[in-house]
Amino acid sequence: MVHSFPTRRSSDLFTSWRHWQDGPFDLKPIADRAFCDGANHMTFHTSAHNPSATDRPGWVYHAGTHIGPSIAWWPMAGAWIDYLSRCSYLLQQGLFVADVCYYYGDQGFNFVPPKHVDPSLGYGYDYDVVNANVICSCMEVHDGRLTLLDGLRYELLVLPDRVDISPQVLARIEQLVLAGATVVGRKPTRSNGLEDYSRQDGEVREIADRLWGPCDGDRCKERAYGRGKIVWGTPLRQLLRAKDLGPDFVAGGDANESDLDYIHRRTPNADIYFISNRTDCRLEPACTFRVTGRTPELWMPDTGEIRRCQAWESVDGGTRVSLSLAPHDSVFVVFRDSVENSQTTARAQTVTEAHPVAGPWRVHFPEGWGAPASKVFPELVSWTEDSDWGVKHFSGVAAYQNHFKLPSGPLAAGDVLQLDLGRVRFVAEVLVNGHSVGVLWKPPFRVDITDAVRQGTNELVVKVANTWSNRLVGDALSEGRDFCRTNIAKSLTL
């Protein structure tokens with residue numbers, strides 16, 4: 001989370017050793033964590049160049065989660081790419097909101113770990129990390145808050161828990177405190193280098209004595225200096241509370257603090273929160289956001305819908321919004337000054353009556369990959385359980401075909417008809433009467449087909465795409481023809 005001034009924070013995403021094994025929903029928690037860590041511009045690791053005329057899945061780098069035209073589910077990847085694009089776009093708007101800025105020191109190497117909860121700060125307050133260059137060249141104080149050139153502001157500057165510091169950095173920190181900044185940390189006693197260390201150690205001690213004075217982190221924990229102050233030994237959360245600044249985000253309802261991750265950005269006209277469900281369970285949290293005077297909306301990154309928020313209220317410290325999040329689901333809660341007419345209201349999701357689409361299903365397979373042209377499935381089962389070797393080890397896109405009639409005649413006004421696919425591995429596109437009604441890549445694998453159905457018989461086609469794992473395992477176990485060509489087939493079967 002090192003602060004940088006460009007709007008984009010690039011991330012080399014999905015680096016792994018899980019060759020050809022993951023679908024979009026497997027990758028989503030990784031992407032969502034990166035978004036909450038501050039990334040908003042994704043670079044796939046890897047996306048090897050494999051022209052369409054070459055063999056599949058093709059030659060790739062020895063490490064990486066391969067994402068590109070050679071993966072088996074690529075024909076349906078658009079919905080997943082749209083999700084990443086919408087999230088990236090919204091998270092590039094405005095400025096990151098953080099209450100605390102950590103200076104990560106000047107030791108020989110520095111590494112900023114993934115976002116975590118500092119016990120001194122606690123859940124619900126976010127933070128940023130900066131280096132010496134930012135403090136010395138880009139940081140000012142306005143109205144008691146540390147401010148960067150792009151306008152990003154922090155309440156506190158926290159020093160590393162070390163006794164060494166650059167004298168140049170400490171001299172700049174003295175100027176910031178004099179101007180009104182609150183700086184938290186132990187008193188340094190020496191410089192951080194060996195060059196002319198005797199003189200520089202003395203310079204550090206001289207500045208530190210002026211700044212910290214009697215503040216020892218025990219009997220004396222604060223010292224006013226200029227218009228600001230030095231603090232040593234007081235929890236960060238307590239300091240923010242003393243500034244009448246409650247948490248920026250509070251998980252509530254049936255969600256614990258570890259269940260939800262978030263990030264907050266602000267534009268002149270909106271507060272934008274990205275909320276991610278980290279768990280395998282559906283959650284119904286009532287979350288409190290440190291925003292007042294603005295109307296909350298739900299922006300759905302998977303569909304692009306903007307929905308009216310039906311359950312919210314103003315409370316002490318902000319606005320409480322009731323959410324409904326499927327396993328590893330995510331949503332943008334956007335607070336704006338006014339509600340636009342383009343909003344939609346989500347159709348009711350309550351299931352009042354279920355009608356199974358009975359078999360048999362005819363499944364059509366593409367030519368050249370070992371499966372028959374088509375096969376009838378009396379009921380829906382995993383391909384890996386089929387007795388036909390070509391079906392058992394099929395990889396690619398296959399189309400399930402069936403028909404159904406409306407269960408109870410014409411739909412009444414306001415009725416909603418949904419198709420629930422249950423569990424899908426890994427991506428599915430649903431077509432009703434020849435019209436695509438959506439690509440499903442995450443739970444619940446459910447789609448609204450109300451506008452596509454008609455009286456009488458309806459044609460249903462569900463195109464399902466998996467990964468290359470099936471076919472690569474089949475090639476490894478067979479003594480006949482190998483259907484796949486790739487340089488990492490053996491590593492997959494180890």
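In this text the structure is predicted, and so the values were computed from the model without any measurement. (Residues numbered from 1 in each chain as written. Predicted model: local features only at pLDDT ≥ 70, side-chain atom pairs only at ≥ 80, totals over all residues. Heavy atoms only, no water.)

Asker: Explanation requested: the pairing of strand S18 (residues 295-299) in the structure shown.
Answerer: Regular strands show a simple pattern: their side chains alternate between the two faces of the sheet. Burial of S18 is extensive: four of the five residues sit out of reach of the surface. Looking at chain direction, S18 and strand S22 (residues 330-336) are connected through five bridges and run antiparallel. Residue pairing in the sheet places Pro296 in a bridge with Phe335 of S22. Linking S18 back to strand S19 (residues 306-308) in an antiparallel pair, the connection comprises six residues, with Gly304 at a positive phi of about 85°. (Buried < 20%, exposed > 50% of the residue type's maximum accessible area, 1.4 Å probe, protein only. Helix = DSSP H or I, 4+ residues; strand = E, 2+ residues; numbered from the N terminus. Pairing = 2+ DSSP bridges.)

Asker: Explain unusual backbone geometry here, please?
Answerer: The bulk of non-glycine residues show a negative phi, and the bulk of peptide bonds are trans. Of the consecutive residues Gly359 and Pro360, the connecting peptide bond is found in the cis state with omega at 5°. Tracing the backbone shows Pro360 in the loop between S22 and strand S23 (361-364). In this structure, the amide linkage connecting Pro443 to the following residue, Pro444, adopts the cis form with an omega of -10°. One can find Pro444 in the loop between strand S28 (435-440) and strand S29 (446-448). The backbone of Asp143 shows a phi angle near 55°, a positive value even though the residue is not glycine. Tracing the backbone shows Asp143 in the loop between strand S7 (139-142) and strand S8 (145-148).

Asker: I tried to follow the pattern of salt bridges on my own but got confused; where do I start?
Answerer: Pairing between side chains of opposite charge can happen when their charged atoms approach one another. Applying the stated criterion across every chain yields a total of 32 salt bridges. Asp337 is the partner of Arg294 in a salt bridge, and the nearest nitrogen-oxygen pair spans 2.8 Å. Taken together, the residues span a long stretch of sequence, with Arg294 in the loop between strand S17 (286-289) and S18 and Asp337 in the loop between S22 and S23 at a distance of 43 residues. The class for Arg294 is buried, based on a relative accessible area of 14%. Of the residues examined, Asp337 reaches a relative accessible area of 48% and is grouped as partly exposed. Glu297 is the salt-bridge partner of Arg336, the closest N and O atoms lying 2.7 Å from each other. A residue pair is termed long-range when its members are at least 10 positions apart, and Arg336 in strand S22 and Glu297 in strand S18 qualify at 39 residues. A single burial state applies to Arg336 and to Glu297, both of which are buried. (Salt bridge = Lys/Arg side-chain N within 4 Å of Asp/Glu carboxyl O.)

Asker: What am I meant to see in the packing of aromatic side chains here?
Answerer: How two aromatic rings sit relative to each other is given by the distance of their centres and the angle of their planes. Evaluation of the coordinates by the stated rule reveals 21 aromatic pairs. The interplanar angle of 75° and the centroid separation of 5.8 Å between the aromatic rings of Phe35 and Phe274 together place this pair among those described as edge-to-face. Here Phe35 is found in helix H1 (residues 24-37), whereas its partner Phe274 is found in strand S16 (residues 270-277), with 239 residues between them in sequence. The exposure class assigned to Phe35 is buried, which follows from its relative accessible area of 0%. On the accessibility criterion, Phe274 (0% relative accessible area) is buried. Ring plane angle 85° and centroid distance 5.2 Å describe the contact between Tyr102 and Tyr127, whose orientation is recorded as edge-to-face. (Phe/Tyr/Trp six-rings, centres within 6.5 Å; stacked < 30°, edge-to-face > 60°.)

Asker: When you look at the sheet that holds strand S9 (residues 153-154) in this model, what are you seeing that I'm missing?
Answerer: In a beta sheet, neighbouring strands are held together by backbone hydrogen bonds and run either parallel or antiparallel to one another. Pairing in this open sheet of three strands is antiparallel, and the strands run S7-S8-S9 from one edge to the other. Each of the sheet's edge strands pairs with one partner strand only, and the pair in question is S7 and S9. Note: S8 against S9, two bridges, orientation antiparallel. Pairing of Leu146 across the sheet is with Tyr154, part of S9. This element, helix H4 (residues 167-178), spans S7 and S8 of the sheet and lies at about 15° to S7. (Contact = heavy atoms within 4.5 Å. Axes fitted to C-alpha atoms, helices over the stretch in contact; angles between N-to-C directions.)

The values are spatial; any link to function lies outside them.
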